[in-house]
Amino acid sequence: MTKKLLFFAGLLLISFGAFAQNENEIKVYAGTSKAFIQRQIPWFGEGSIEASNFWELGIGYSRTLLGNLGVSSGFNFSRSDILLKPAPGVEIPTRDEKFEMLSIPLIFEYTFFKYGFLAAGPLLDFQLTENNFSDQSGIGYLLGLGGKYETGNLSFSLFPNLKRHSAIPFNGTENSKYILTELGIQLGVGVKF
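Cut-off values and rules
- Residues numbered from 1 in each chain as written.
- Predicted model: local features only at pLDDT ≥ 70, side-chain atom pairs only at ≥ 80, totals over all residues.
- Heavy atoms only, no water.
- Salt bridge = Lys/Arg side-chain N within 4 Å of Asp/Glu carboxyl O.
- Helix = DSSP H or I, 4+ residues; strand = E, 2+ residues; numbered from the N terminus.
- Phe/Tyr/Trp six-rings, centres within 6.5 Å; stacked < 30°, edge-to-face > 60°.
- Buried < 20%, exposed > 50% of the residue type's maximum accessible area, 1.4 Å probe, protein only.
- Lys NZ or Arg CZ within 6 Å of the ring centre and 35° of its normal.

What about the pattern of salt bridges?
For the structure on display, the rule yields 8 salt bridges. The partner of Asp 81 in a salt bridge is Lys 98, with the nearest N and O atoms 2.4 Å apart. In this pair, Asp 81 sits in strand S3 (residues 69-85) while Lys 98 sits in strand S4 (residues 95-112), placing the two residues 17 residues apart along the sequence. Across the pair Glu 150 and Lys 192 runs a salt bridge, and its minimum N-O distance is 3.5 Å. Here the residue Glu 150 occupies a position in strand S6 (residues 138-151), and Lys 192 occupies one in strand S8 (residues 178-192), the gap between them amounting to 42 residues.

Shown next as structure tokens:
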């Protein structure tokens, strides 16, 4: 898995060299999400999985391509507490687990007016923990609408977003697969150069 991760990260960094540029930015961000873990096709009478305390930290590199269009990538680490509840009437104890994931986004951003931006693109996800539900490793996606304020070489951003993980899973595509979906917000600080 580490070799795959390094390979994909290398491809992303090399691909940035193919684009004309006039502005670069390094950004660090932190965020939180309301996360949902549900079956792709729900089963009647099954137990539930609840995610709580979902947070993320990340670092990203952005380039302006053409006017208002830019591309960014980086690394995102997320973590959550997971509560596994059995189906009603089943005598299995409730279990607590930790969930961790590393994501590599490839996000295209379109800036509009002066402070707004739309962002969308694929996520390459690697689940770092073993849990009692489907592995979330695979290709997902991110969609969001945010705001950014720039002063000098610094930028500050607020980015509400929707993420769906494992839309194209690495391990099987069965209909009983659990899917992680996030409704979150990120706060970021960037330096332009």
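Quick look at the packing of aromatic side chains
Working definition: an aromatic ring pair is given by the centre-to-centre distance plus the angle between the planes. The tally for this structure, following the rule as stated, stands at 7 aromatic pairs. Between the aromatic rings of Phe 126 and Phe 170, the centroid separation amounts to 6.0 Å while the plane-to-plane angle is 45°, which identifies the pairing as tilted. Remark: Phe 170 occurs in the loop between strand S7 (154-169) and S8 and Phe 126 occurs in strand S5 (residues 116-127); sequence separation between them is 44 residues. Assessed through its relative accessible area of 2%, Phe 126 is described here as buried. A residue is classified by how much of its surface remains accessible, and Phe 170, at 35% relative accessible area, is partly exposed. In this structure an aromatic cluster arises from ring pairing among Phe 99, Phe 133 and Tyr 178. Lying across the ring of Phe 117, Lys 148 places its NZ or CZ 5.8 Å from the centre.

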